[in-house]
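Tertiary structure, described
The lines below spell out each chain.
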Amino acid sequence: MNTLILASAAGAVVGLALGGLGGGGSVLAVPALIYPLGFDPAAATTAALLIVIATSLTGLVAHARHGRVRWRTGGLFAAAGIVPAAIAGALSVRVPAGMLTAGFAVLAAVAAVRMLRPKREAAARAGASTAAPPAGRVARTGAGLGTVTGFLGVGGGFLVVPALVTVVAVPMAEAVGTSLLVITVNSTAALATRLTTPTALDWAAIAPFTAAAVLGAWDGQRLAARVPVAALRRIFGAVLLAVAVFMLVDAVT
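Residues numbered from 1 in each chain as written. Predicted model: local features only at pLDDT ≥ 70, side-chain atom pairs only at ≥ 80, totals over all residues. Heavy atoms only, no water.

**Some points on the overall build of the protein chain**
Condition: By definition, any uninterrupted DSSP run of H or I lasting at least four residues is a helix, any uninterrupted run of E lasting at least two residues is a strand, and each is numbered from the N terminus. For each residue, the accessible area found with a 1.4 Å probe, counting protein chains only, is set against the maximum for its type, and the residue is called buried under 20%, exposed over 50%, and partly exposed in between. By definition, residues are in contact when any of their heavy atoms lie within 4.5 Å.
From N to C terminus, the protein chain includes eleven helices and zero strands. Listing every helix and strand of the protein chain by position from the N terminus yields α-α-α-α-α-α-α-α-α-α-α. Across the 253 residues in the protein chain, those meeting the buried criterion constitute 49%. Contacts in the protein chain between residues far apart in sequence, at least 24 positions, make up 85% of those at least 6 positions apart.

Encoded structure:
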């Protein structure tokens, strides 16, 4: 019963962040699986990919219904990340737990800083070029994001959305929906290779966590309509930064 309650509560928080902010929630999934639920880092990052896929697909369907997904652009961007995501996913399960935790803590800190300093991100979006970007730059960016997704088990929405806006010149209104396509593809590629390596997964925790995250994502969209997004970003950013510091200290001690 304790596992059910903890998993449901953690999943709801992750879903609220994803639904309310369009990114950043999946970064909370890994520490939530490691600490309250007792997953080891390798199992946590694998389980997080399952959760990310389910929540991203849910959001993708909702955005697609409103015509906010650029399928061709997102498909090309995601295609560049499939192989890197698969390779990184296979390598991740062989990395020492402390190193994996430290790497994730650094990524979480980066995500937190982006949430706490949205003005810089907004300026980058405002300066996005409308010209078609070089194919090589799109491929490199997509490959880099695929590597992050595969290795650390996160969707990377907080990185994918700005990349689509500034590198591929996708309007912000469509970047969030398109990012969910990229996240789903990369996460699926990473998960496919991870599942070839035996990893003990606690489905009694993963199932309620995923269900709560999916439901929380819908609630997060409604919450975003009532609460200023800037306030939500600061709250989740502060929580994520505290989690990142805790994980980094835990990894080096």
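**Considerations on helix 7 (residues 135-152)**
Turn by turn, an α-helix covers 3.6 residues, leaving residues three or four places apart pointing in a common direction. What counts, and what does not: Multiplying one less than the number of residues by 1.5 Å gives the expected span of a helix.
The terminal C-alpha atoms of helix 7, which comprises 18 residues, lie 26 Å apart, in line with the 26 Å expected from a rise of 1.5 Å per residue. Once helix 7 ends, the next one or two residues include Gly153, with phi positive near 70°.

**A word on the side chain of Ser179**
Checked against the element boundaries, Ser179 lands in helix 9 (residues 172-194). The buried category is assigned to Ser179, whose relative accessible area is 0%. Excluding residues that lie within four positions of it along the chain, Ser179 makes contacts with Val160, Val161 and Leu164.

**Examining the environment of Pro31**
For Pro31, the position within the fold is in helix 2 (residues 25-34). The spatial distance from the C-alpha of Pro31 to the C-alpha of Thr101 is 8.9 Å, given a sequence separation of 70 residues. If we skip the residues at most four places from it in the chain, Pro31 touches Pro36, Phe104, Val243 and Met247.

**What about the nonpolar core?**
The following threshold applies: We call a set of buried residues a nonpolar core when its members are Ala, Val, Leu, Ile, Met, Phe, Trp, Tyr or Cys and they connect through side-chain atoms within 4.5 Å of each other.
Val27, Leu33, Leu37, Phe39, Phe104, Phe209 and Leu240 are the most contacted members of the largest nonpolar core, which has 39 residues in total. Of all elements in the fold, only helix 1 (2-21), helix 2, helix 3 (41-65), helix 5 (97-116), helix 10 (203-226) and helix 11 (229-252) reach the threshold of two or more residues within this core. Sort the elements by how many residues they give to this core and helix 5 lands first, with eight residues. Setting aside residues no more than four positions away along its own chain, Phe209 makes contact with Ala7, Ala10, Gly11, Val14, Ala29, Ala32, Leu33, Leu37 and Ile51. Counting 17 residues, the second-largest nonpolar core is a separate cluster that includes Phe77, Val160, Ala163 and Leu164.

**Focus: the packing of helix 4 (residues 71-92) against helix 7**
Two measures define how a pair of helices packs: the angle their axes make with one another and the distance between the axes. Rules: Here the axes come from fitting lines to C-alpha atoms, over the contacting stretch only for helices, and the angles between their N-to-C directions go from 0 to 180 degrees. Comment on the angle field: the value is read as roughly parallel under 35 degrees, roughly antiparallel over 145, roughly perpendicular from 65 to 115, and oblique elsewhere. Take the far helix as the reference: if the near one is turned anticlockwise from it by less than a right angle, the crossing is left-handed, and if turned clockwise, right-handed. Gly counts as polar in this scheme, as do all residues outside two lists: the nonpolar Ala, Val, Leu, Ile, Met, Phe, Trp, Tyr, Cys and Pro, and the charged Asp, Glu, Lys and Arg.
Direction vectors running N to C along helix 4 and helix 7 enclose 30°, while the axes themselves pass 6 Å from each other. With respect to each other, helix 4 and helix 7 are oriented roughly parallel. Here the hand of the crossing between helix 4 and helix 7 comes out right-handed. Touching Phe77, Ala80, Gly81, Pro84, Ala85, Ala88, Gly89 and Ser92 of helix 4 are Val138, Ala139, Thr141, Gly142, Ala143, Leu145, Gly146, Thr147, Gly150 and Phe151, all from helix 7. Taken together, the residues of the contact of helix 4 with helix 7 sort by class into ten nonpolar, eight polar and no charged.

**Describing helix 3**
The cut-off we apply is this: Counted as a polar contact is a pair of N or O atoms within 3.5 Å, where, for protein atoms, one must be capable of donating a hydrogen and the other of accepting one, and residues adjacent in sequence contribute only when both atoms are in side chains.
With 25 residues, helix 3 should reach 36 Å at 1.5 Å per residue; the first-to-last C-alpha distance of 36 Å fits that figure. Two or three places before Ala42, at the opening of helix 3, Asp40 has a side-chain oxygen 3.0 Å from that residue's backbone nitrogen. Residue Gly67 follows helix 3 closely and has a positive phi angle near 70°.

**Considering the pattern of salt bridges**
Defined as follows: Each reported salt bridge corresponds to a side-chain nitrogen of Lys or Arg within 4 Å of a carboxyl oxygen of Asp or Glu.
Applying the stated criterion across every chain, the model contains one salt bridge. Arg70 serves as the salt-bridge partner of Glu174, at 2.5 Å between the closest nitrogen and oxygen. Taken as a pair, Glu174 in helix 9 and Arg70 in the loop between helix 3 and helix 4 lie far apart in primary sequence, 104 residues in all. In this structure Glu174 comes out as partly exposed when scored by relative accessible area, which is 22%.

**With respect to the packing of aromatic side chains**
Where we set the bar: For this analysis, a ring pair means two rings from Phe, Tyr or Trp (six-membered ring only for Trp) whose centres lie within 6.5 Å, classed as stacked if their planes differ by under 30 degrees, edge-to-face if by over 60, and tilted for the remaining angles.
If you walk through the whole model with that rule in mind, you get one aromatic pair. With a centroid separation of 5.0 Å and an interplanar angle of 75°, the aromatic rings of Tyr35 and Phe246 are classed as edge-to-face. A residue pair is termed long-range when its members are at least 10 positions apart, and Tyr35 in the loop between helix 2 and helix 3 and Phe246 in helix 11 qualify at 211 residues. With relative accessibility at 48%, the residue Phe246 sits in the partly exposed group.

**With respect to the side chain of Ser187**
Of note, Ser187 is situated in helix 9. Classification of Ser187 by relative accessible area gives buried; the value is 0%. Side-chain polar atoms of Ser187 contact the backbone oxygen of Ile183, separated by 2.8 Å.

So, to be careful, I would describe these as geometric facts and stop short of saying anything about function.
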